[in-house]
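Overview (structure and organization)
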Amino acid sequence: MKYFIFYLLLITGIGLGFSQNSITIDAQLNDSLRTFDIQQEIIYKNESKDTLREIYLNDWANAFSSKSTPLARRFAEEFSRRFHFSKEIERGGTSINSLSQKSGNALTWSRPELHPDIIKVELPQALPPGEEFEIHLDYKLKIPSDKFTRYGVDNVGNYKLRYWYINLAVYRDGWQIFSHRNLDNQFTTPARLNITLSIPQNLYIASALAKRSSHTPNGIKTVQLVGLDRTESKLYLTKSYLFDSEYAHSHEILTDVEDDGLQPIVKNAILDRIIKFIYQRLGTYPHSTLFVTQEDYLNSPIYGLNQLPGFLRPYPDSFQYDIKQFKTIVNNLLNNSIQVNPREEQWVKDAILISLMMDYVDTYYPRMKLIGNLSDIIGIRWFHAADLEFNDQYQFLHMNTARLNLDQPLATSQDSLIKFNINIANPYKAGVGIKYLEDYVESDAIKNSIQKFYKEKSMEPVSEKDFESYLEEGTDKDISWFFEEYVAKNEKIDFRINNLVKTKDSLKVTVLNKRRNGFPVSLYGLNDGQIVYKTWVDDFEREKTVNIPRKDIDRLALNYEGIIPEINQRDNYKRVTTLFNKPLQFRLLQDIEDPRYTQVFFMPEFDYNLYDGVSIGPKMYNKTFLNKNFQFSISPKYGFNSKTIVGSASLLYNQQFENKELHSIRYGLSGSRYSYNYGLFYEKYTPFIGFYFRDKYLRNNERQRLLIRNVNVRRDKNPAVPMARPDYNVFNINYQYSKPHLVDFHGASFDYQLAEKFSKVSMSLEYRKLFKSNRQINLRFFAGAFLYNDSQKTDYFSFALDRPTDYLFDYNYYGRSQGSGLFSQQIIVAEGGFKSQLQPEYANQWLTTANGSTNLWKFIFVYADAGLVKNQFESAKFLYDSGLRLSLVDDYFEVFFPVYSSLGWEVGQKNYDQKIRFIVSLDINTLIKLFTRRWY
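Let us look at the structure shown here. None of these values were measured; they are calculated from a predicted model. (Residues numbered from 1 in each chain as written. Predicted model: local features only at pLDDT ≥ 70, side-chain atom pairs only at ≥ 80, totals over all residues. Heavy atoms only, no water.)

**What to know about the overall build of the protein**
Spelled out, the test is: By the criteria applied, helices consist of DSSP H or I runs no shorter than four residues and strands consist of E runs no shorter than two, each listed in order from the N terminus. Based on C-alpha atoms, the radius of gyration is set beside the globule rule, defined as 2.2 Å times the residue count to the power 0.38. Partly exposed residues are those whose accessible area sits between 20% and 50% of the maximum for their type, while under 20% is buried and over 50% is exposed, using a 1.4 Å probe and protein chains only. Contacts: residue pairs with any heavy atoms within 4.5 Å of one another. Note on areas: Shrake-Rupley with a 1.4 Å probe; residue coverage comes only from the protein chains shown. We count Lys and Arg on the positive side and Asp and Glu on the negative side, and we leave His and both chain ends out. Where a charge sits is defined by one atom per residue type, namely NZ (Lys), CZ (Arg), CG (Asp) or CD (Glu).
Within the protein, the regular secondary structure consists of twelve helices and 47 strands. For a compact globule of 936 residues, the expected C-alpha radius of gyration is about 30 Å, and the protein comes in at 33 Å, within 12% of that figure. By the burial criterion, 54% of the 936 residues in the protein qualify as buried. Pairs at least 24 apart in sequence give 63% of the contacts found in the protein among residues at least 6 apart. Counting only carbon and sulfur atoms, one obtains 53% of the accessible surface of the protein, whose full area is about 41200 Å². Positive and negative side-chain charges of the protein, numbering 114 and 109 respectively, have mean locations separated by a distance of 5 Å.

Right, dumping it as structure tokens:
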């Protein structure tokens, strides 16, 4: 009877205040072409107070129509190559045949400039408040491949559809329109849906919509799906039925989330517990069916060890399934019931989701560790990472970008966030912020307010201001700081105990707010590491002194339990009766920071060059997995070939500037000692200061660096090659500009050097362009000249045509002094950038070159270099070379095969194998940048 009443109301659309807007769709699938022919009716009611002269529609399927849409540009910004290199058949789009009124009269419509996935419909007459307007559309929909966003058609012919039909944008104080940017956050007006599908009979249908009817005449399956107050409708058409149907608290859950082989009874118990927890904490979900897919989870996964292959995962299968389903179900539920602007106010849903996840784990998995079962293994359990709870990951990962000075306010629009902040840091910061509030309020007021907000505002237009008012009304404490500073700004939180006065019965504690903002902080009294006292220090922007009872406190601590997302907890301790504020701790291998100790780490480190061979030694340093402003590293090593001590050491202090074009200033001193030839060593030490600039809009990849340094080099004398100046100092000013991008790469460098015997300037310009045809062109220009040069007897300091001498010891040559053999064939594209070995090889007056390449097929390129080499007392000489380039990883692993140059046809010349050049990087930090560039 319950379901009968539901379907009756669904069909008639009366009774419960259902949406006045409706969308009726008749769609026929042409499976062989992967297209839909769609006839659609949209009835829009103006529920605003304004008279409207146009209506905007979301046509996000058309975001796949070209390589210049906002979605395509988003992929390029994040160095995702799949879309740009895709075939036309793999991309999608909509082709509108007609757009008219109910009467059949054509309507004037257009796509706003730069927004091909938005439709602007001009109304023939103004639409007053309370009035309706009907739009009829006839269009063809081409389904894209699922390899771009995980939604679309896969390689076996399953259709996983999301944002597939044209729907209504939202009008709230103006039209809220934005393009598809792979953020899973379309903002649309709730509507009554009535969809009739005509599909091949071999396809199964899965959807959260109710199935009203189904029949199969002439081998074509026709199904009618209906739903009320829907903002979106995911629809799966699959060759085989992939979904489990589970029932929990009167809700059907359709899901294909990977279950790791769990028994059905276990999965059902987990899903039932999840829905029960949601009901207790939030309230009832307004729709009868939850459609929870593996794609939903993969687009918003639980980052970390959960993403390891199954045989490596340290968590029990039941926990793995439980936490995946919990996040995906709650995310699905909030997206379909809380109607905040998902592009501008996503933090509201993130705050609810992550705080609920933390409570769920605390309730049902209170002993679950961050690294799971690995924390029980001897050796691993000695690390601080083994002590951390599963829920500690949220603050840890948020702190990653905060320590890098790349954090962005929670109130920032989603399309302005860097990828790491969208996917990880900002949602986690929002959830951690709710736990901060709960601890400060010291009651269940925040939880109760969130529950009240959900119950009263579900399925209604709502904003972040409504959420704010609910939280503020639930407590007597002033929590305005949370919205004004924690949400609206990227203010750092940082405190210190500045002074302590002890008396027999009390402690007079002065707390310093190092950032001068309005955040409160918790003050703890400890005895042998146990909490014996806790209070809150609030309402201060600089210093505040509080008196607390002496009790048997032996040490004071701020934020001892780490609930507050404080950027630096290492100076939060003050001794009362102990010898030190906190003890010194030595750890083998890098670990997660433990603020209770002053930590020093040791680990083995390996290096390699031809002359030292493999060099191995201990590295002593203070860097943890999170960035620190002050870092030191001492790394002595034993070279097995040179049979002596080599290595390096450095000191670095990073001064950061928040929300400034000048992102940071780095001061430091570095030194190294290695072999530069057999039995010959160099020592280099360099004091430096670097100014690093980055656009305040962090999604702009434009970077600038100004480095000022003095390079001091001491070398052993080589009896075979007498050197007039074996030791030298070079004052160097170097400016670098880069704007990396998948489609357009720009780079520039300007360099000035001053030494006792020479002074020189140089510049290089780089440009890389990827065309829509997938043709890539790489261009580089270099020019360098000596201002004066009194060291002409040697080319050691000269500009190099093909392989710089690297007298500043900046490049990672594995055999820097080799004139023949494999190691002499390693090149680093710098200075002249030639690949062939031509004469003259060096220029002691000036050098100018141009380098270019373009791809023939995938990673196979053809290259060409040309330039003028000028030595004193000689005329300038024009040189050139050309050949094939295999670029397996740009700038990191490449091979060059010379073909034709100033020497003629090189392929047929003697010892051609020795003419082949290669680029290879074994530096793990260099390679990691290839993967992190899309996140930061």
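Following the structure, the description resumes.
**Structural notes on the sheet that holds strand β27 (residues 573–575)**
What counts here: We call two strands paired when DSSP finds no fewer than two bridges between them. Helix axes use the C-alpha atoms of the stretch in contact, all axes being lines fitted to C-alpha atoms, and the angles between their N-to-C directions lie in the range 0 to 180 degrees.
One open sheet accounts for four strands, arranged β24-β23-β26-β27; its pairing is antiparallel. In this open sheet, the two strands that pair with only one neighbour each are β24 (530–537) and β27. Sheet twist, expressed as the average angle between the axes of neighbouring strands with direction ignored, equals 20°. One ladder, built from three bridges, connects strand β26 (residues 555–558) with β27; its direction is antiparallel. Note that in β27 the partner of Arg555 across the bridge is Arg575.

**Topic: the packing of aromatic side chains**
The line we're drawing: Centres within 6.5 Å make a pair out of two Phe, Tyr or Trp rings, where for Trp the six-membered ring is used; the pair is then stacked when the planes are under 30 degrees apart, edge-to-face when over 60, and tilted otherwise. By definition, being over a ring means that NZ of Lys or CZ of Arg is both within 6 Å of the ring centre and within 35 degrees of the ring normal.
If you walk through the whole model with that rule in mind, you get 71 aromatic pairs. One aromatic cluster is present, formed by Trp347, Tyr436, Tyr440, Phe453, Phe467, Tyr470, Trp481, Phe482, Phe483, Tyr486, Phe519 and Trp536 through successive ring pairs. When the ring centre of Tyr204 is taken as origin, the NZ or CZ atom of Lys221, which lies over that ring, is 5.6 Å away. Lying across the ring of Tyr440, Lys477 places its NZ or CZ 4.3 Å from the centre.

**Considerations on a positive patch on the surface**
Defined as follows: Distance thresholds for patches are 9 Å for like charges and 5 Å for nonpolar side chains (Val, Leu, Ile, Met, Phe, Trp, Tyr), applied to residues having over 30% relative accessible area and no salt bridge. Throughout this description, the term salt bridge denotes a Lys or Arg side-chain nitrogen within 4 Å of a carboxyl oxygen of Asp or Glu.
Judged by side-chain charge, Arg81, Arg82, Arg150, Arg933 and Arg934 come together as a positively charged surface patch. Along the chain, the position of Arg933 falls in the segment after α12 (924–932). Given a relative accessible area of 39%, Arg933 falls into the partly exposed group.

**Describing the sheet that holds strand β18 (residues 244–248)**
Taking strand neighbours across the sheet as the criterion, the three strands line up as β18-β19-β20 in an open arrangement whose pairing is mixed. In this open sheet, the two strands that pair with only one neighbour each are β18 and β20 (289–292). Each adjacent strand pair in this sheet contributes to an overall mean axis angle of 20°, direction not counted. Relative to strand β19 (residues 251–255), β18 is paired through five bridges, and the arrangement is antiparallel. In the sheet register, Tyr247 faces β19, and the bridge partner there is Glu252. Across the sheet, helix α3 (residues 264–281) is in contact with β18, β19 and β20; its angle to β18 comes to roughly 45°.

**Describing the pairing of strand β44 (residues 877–889)**
Pairing of strand β43 (residues 860–870) with β44 involves ten bridges; the strand directions are antiparallel. When the bridges of β44 are listed, Leu868 appears paired with Phe878. Here β43 folds back onto β44 in antiparallel fashion, the turn holding six residues, of which Phe873 has a positive phi close to 70°. Bridging between β44 and strand β45 (residues 893–901) involves eight bridges; their strand directions are antiparallel. Among the inter-strand pairings, Val889 is bridged to a residue of β45, identified as Phe893. Two successive antiparallel strands, β44 and β45, enclose a turn made up of three residues, where Asp891 displays a positive phi of approximately 70°.

**Examining helix α10 (residues 464–473)**
Side chains that are three or four residues apart share a direction in an α-helix, a result of its 3.6 residues per turn. Our working definition: The directions considered for the arc are those from the helix axis to the C-beta atoms.
Considered for burial, the residues of α10 that qualify are Phe467, Glu468, Tyr470 and Leu471. For α10, the angular spread of the buried residues around the axis is 160°, confining them to a single face. Looking at α10, the residues exposed on the side facing more than 90 degrees away from the buried face are Lys465 and Glu473. In this structure, the buried side of α10 is in contact with α6 (346–364), α8 (419–441), α9 (445–457) and α11 (480–487).

**Section: a negative patch on the surface**
Residues Glu472, Glu473, Asp478, Glu484, Asp539 and Glu541 make up a contiguous surface patch of negative charge. Among the secondary structure elements, Asp478 is positioned in the loop between α10 and α11. Judged by its relative accessible area of 51%, Asp478 is exposed.

**Focus: unusual backbone geometry**
Cis geometry is adopted by the peptide bond preceding Pro840, which originates at Gln839 and carries an omega value of 0°. Tracing the backbone through its elements, the reader meets Pro840 in the loop between β40 (799–800) and β41 (842–843). Within the chain, Arg34 stands out as a residue other than glycine whose phi angle is a positive 60°. Here Arg34 lies in the loop between β1 (22–30) and β2 (35–45). The exposure class assigned to Arg34 is partly exposed, which follows from its relative accessible area of 34%. Even without a glycine there, the phi angle at Leu114 is positive, about 70°.

**Some thoughts on the environment of Asp476**
Looking at the secondary structure, you find Asp476 in the loop between α10 and α11. Along the chain, Asp476 and Ala445 lie 31 residues apart, while their C-alpha atoms are 9.5 Å from each other.

**Things to note about the packing of α3 against helix α5 (residues 317–335)**
Inclusion rule: Here is the rule for angles: anything less than 35 degrees is roughly parallel, anything more than 145 is roughly antiparallel, 65 through 115 is roughly perpendicular, and the remaining ranges are oblique. Take the far helix as your reference; a near helix turned counterclockwise from it by less than a right angle gives a left-handed crossing, and one turned clockwise gives a right-handed crossing. In this classification, the charged set is Asp, Glu, Lys and Arg, the nonpolar set is Ala, Val, Leu, Ile, Met, Phe, Trp, Tyr, Cys and Pro, and all remaining amino acids, among them Gly, are polar.
Direction vectors running N to C along α3 and α5 enclose 40°, while the axes themselves pass 10 Å from each other. The angle between α3 and α5 places the two elements in the oblique class. Crossing handedness for the pair α3 and α5: right-handed. For the pair formed by α3 and α5, the contact residues are Lys267, Ile270, Leu271, Arg273, Ile274, Ile275, Phe277 and Ile278 on the first element and Ser318, Tyr321, Asp322, Gln325, Phe326, Ile329, Val330 and Leu333 on the second. Taken together, the residues of the contact of α3 with α5 break down into eleven nonpolar, two polar and three charged.

**Concerning the pairing of β45**
Pairing of β45 with strand β47 (residues 917–920), which is carried by four bridges, proceeds in the antiparallel orientation. Considered in β47, the bridge of Val895 is made with Phe918. Where β45 and strand β46 (residues 904–905) come together, two bridges link them in antiparallel fashion. Along β46, the bridge assignment pairs Ser901 with Gly904. Where β45 folds back onto β46 in an antiparallel hairpin, the turn is made up of two residues.

**A few points about α11**
Burial of α11 is extensive: seven of the eight residues sit out of reach of the surface. Those residues of α11 that fall on the buried side of the exposure criterion are Ser480, Trp481, Phe482, Phe483, Glu485, Tyr486 and Val487. Those residues of α11 hidden inside the fold are in contact with α6, α8 and α10.

**Quick word on the packing of α3 against α6**
Where α3 contacts α6, the two axes come as close as 12 Å, and the packing angle between them is 120°. Compared by their axis directions, α3 and α6 come out oblique. The interaxial crossing formed by α3 with α6 has right-handed handedness. Residue-level contacts link Ile270, Arg273, Ile274, Phe277 and Arg281 of α3 to Leu356, Asp359, Tyr360, Thr363 and Tyr364 of α6. Looking at the contact of α3 with α6, its residues break down into six nonpolar, one polar and three charged.

**Some remarks on the side chain of Asp154**
Definition in use: Any pair of N or O atoms that falls within 3.5 Å is considered a polar contact. Within protein, one atom must be able to donate a hydrogen and the other to accept it, and sequence-neighbouring residues count only if both atoms are side-chain atoms.
Assignment of secondary structure puts Asp154 in the loop between β8 (152–153) and β9 (159–161). An unpaired buried charge is present at Asp154: no salt bridge exists, and Lys160, the closest side chain of opposite charge, is 4.2 Å distant. Within the local environment of Asp154, its side chain forms a polar contact with the backbone nitrogen of Val156, the two atoms lying 3.0 Å apart. Here Gly157 takes part through its backbone nitrogen, which lies 3.0 Å from a polar atom of the side chain of Asp154. Discounting chain neighbours no more than four positions away, the residues touching Asp154 are Arg34, Asp146 and Lys160.

**Here we look at the pattern of salt bridges**
A complete count under the given rule lists 48 salt bridges for this structure. We note a salt bridge from Arg111 to Asp59, for which the minimum N-O separation is 3.0 Å. With Arg111 in the loop between β5 (108–110) and β6 (118–127) and Asp59 in the loop between β3 (52–58) and α2 (70–77), this residue pair connects regions lying 52 residues apart in the sequence. By relative accessible area, Asp59 is classed as buried at 1%.

**Quick look at a nonpolar patch on the surface**
Taken together, the side chains of Leu856, Trp857, Phe859, Val862, Leu884, Leu888, Val889 and Phe893 define a hydrophobic patch exposed on the protein surface, amounting to about 680 Å² of accessible area. Every element with two or more residues in the nonpolar patch is listed here: β42 (846–857) and β44. Counting residues per element, the nonpolar patch draws most heavily on β44, which supplies three residues. Checked against the element boundaries, Phe859 lands in the loop between β42 and β43.

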